[in-house]
Amino acid sequence: MALIVHKYGGTSMGSVERIRNVATRVAKWHKAGHQLVVVPSAMSGQTNRLLALAREISEQPNPRELDMITSTGEQVSVGLLSLALQEEGVDAVSYAGWQVAVKTDSAFTKARISEIDDKRVLADLETGKVVVIAGFQGVDPEGHITTLGRGGSDTSAVAIAAVMRADECLIYTDVDGVYTTDPRVVEEARRLDRVTFEEMLEMASLGSKVLQIRSVEFSGKYRVRTRVLSSLIDPLMPLDDEMRSGTLLITFEENEKMEQAVISGIAFQRDEARIAVIGVPDKPGIAYQILGPVADANIDVDMIIQNTSIEGKTDFTFTVGRSDYQSAMGILTHHADENINAEVVLGDPKVSKVSVVGVGIRSHVGIASKMFRTLSEENINIQMISTSEIKISVLIDEKYMELAVRALHKAFELDQA
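Report on the accompanying structure. Throughout, a residue's number is its position along its own chain's written sequence, starting from 1. Totals for whole chains, interfaces and linings use all residues, but because this is a predicted model, local features are given only for residues with pLDDT of at least 70 and pairs of side-chain atoms are given and counted only at 80 or more. Each side-chain value is derived from all of the structure's non-hydrogen atoms; neither hydrogens nor water enter the calculation.

## Things to note about a nonpolar patch on the surface
Where nonpolar side chains cluster on the molecular surface, the patch consists of Val76, Leu80 and Leu83 and spans about 240 Å² of accessible area. Relative to the assigned elements, Val76 resides in helix H3 (residues 63-87). Residues forming no salt bridge and having over 30% relative accessible area are the ones grouped into patches, like charges within 9 Å of each other and nonpolar side chains (Val, Leu, Ile, Met, Phe, Trp, Tyr) within 5 Å. Surface accessibility in these figures is a Shrake-Rupley result with a 1.4 Å probe; residues are shielded only by whichever protein chains are displayed. Whenever Lys or Arg places a side-chain nitrogen within 4 Å of a carboxyl oxygen from Asp or Glu, that contact is recorded as a salt bridge. Under the scheme used here, helices are H or I runs from DSSP no shorter than 4 residues and strands are E runs no shorter than 2 residues, and both carry numbers assigned from the N terminus.

Structure representation (structure tokens):
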């Protein structure tokens, strides 16, 4: 008998029929003798609907009240799923995050988990119950309901699995695993049987929407055996087949024992913007003077390049999300003359980032040159480059993004099993 955590996304919970399918699947696992904790998201579209209602009343809703409102979506899901399980003859009980309790800090709408009290859950499991816990939410030290940010149910599930030392955490989504790239861009994209935590973290941060970044961080840090698989397959398929489906996240050490491709995937982000601050004094502290006001506005900065000094002047270029472009340009234009003495601030909101990801980059030479040659052959100009141990990213014109992804996918033979 194993302790298994199931997590179901909004699409999996999108209708009464799909909730019944989830209940059939969970019942199958339970009847096979496993202890089950289930963490569902709100029904698809529900969180957006609740946010829209709040913004009809207030243009800038109070974050505490937003958490009170949006947390109800998951509470509806756990109640409905528990009822569906009971109809399957399974003894099930549902809990909101604050009833478990999932304890967090007080950063409303983006809280972080500090502790999970699993005594109540363990007691229920010992009596044979399936425990259904609302994802995405918790409670702060003052007793206020908090939420973990969009996609937070993934984080809830992995955190619960870590605390309870679950044998496996299964993340059920509307796709059947992690692919070498988005199949909507490259038809030949191939599902990966295994991917390392490090690679998955890079792919999640670089635009892959399969798993939420913080859930991957939890998985890797606490070595939670995590599998991504589809909830849309037959809920009555043989258990052994289901346990081998999808994509398993593994450690780098496990990966070293196997023959793996040098590159695991091509990730991309469409909605990037580039900002260049031209002709600033090349002196200590200039980077902070440029990026400090941007950070104070809660704008994330990604790729950064500072040119070599020429006659005491340098250029400073960086990227932000396209949704933050106008705000960042406004801040820097305001500070250009008065604070940083820049000659001009230039921007381009129509760029995209494309990345090759793979732990093999650590030990294989020539990956960067192959990437750059491939883009050159497609006449795609590279505007910026950034690297880590297991990824190489380039910034290119938005209109070439899909061409670049397809060319790189072919060049690194990712369509080959």
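## Describing the packing of helix H6 (residues 152-163) against helix H8 (residues 213-221)
Geometry is summarised by axes, namely lines fitted to C-alpha atoms with helices restricted to the contacting stretch, and by angles between N-to-C directions that run from 0 to 180 degrees. Orientation of H6 relative to H8, taken along the N-to-C sense of each, is 15°, at an axis distance of 7 Å. One way to sum up the angle between H6 and H8 is to call them roughly parallel. The handedness of the crossing between H6 and H8 comes out as left-handed. Between H6 and H8, the contacting residues are Asp154, Thr155, Val158 and Ala159 on the first element and Arg214, Ser215, Phe218 and Ser219 on the second. Any angle that is under 35 degrees is reported as roughly parallel, and any over 145 degrees as roughly antiparallel; angles of 65 to 115 degrees are reported as roughly perpendicular and all others as oblique. Each crossing is labelled by how the near helix is turned from the far one, with a counterclockwise turn of less than a right angle marking it left-handed and a clockwise turn marking it right-handed. We call two residues contacting when some pair of their heavy atoms lies within 4.5 Å.

## Considering helix H2 (residues 46-57)
To estimate the expected span of a helix, subtract one from its residue number and multiply by 1.5 Å. Spanning twelve residues, H2 covers 17 Å between terminal C-alpha atoms, matching the ideal 16 Å at 1.5 Å per step. For H2, the complete set of buried residues consists of Thr47, Leu50, Leu51 and Ala54. Each buried residue of H2 sits inside an arc of 100° when the element is viewed along its axis, so together they form one side. Using a 1.4 Å probe on the protein chains alone, a residue whose accessible area is under 20% of its type maximum counts as buried, one over 50% counts as exposed, and one in between counts as partly exposed. Taken from the helix axis, the directions to the C-beta atoms give the arc we talk about.

## Considering helix H13 (residues 367-377)
Three or more residues of H13 are buried, namely Ile367, Met371, Thr374 and Leu375. Along H13, the residues classed as buried sweep out an arc of 95° about the axis, all on the same side. Opposite the packed face of H13, turned more than 90 degrees from it, sit the exposed residues Ser376 and Glu377. Buried residues in H13 make contact with strand E16 (344-357), strand E18 (391-397) and helix H14 (401-411).

In short, geometric facts, not functional conclusions.
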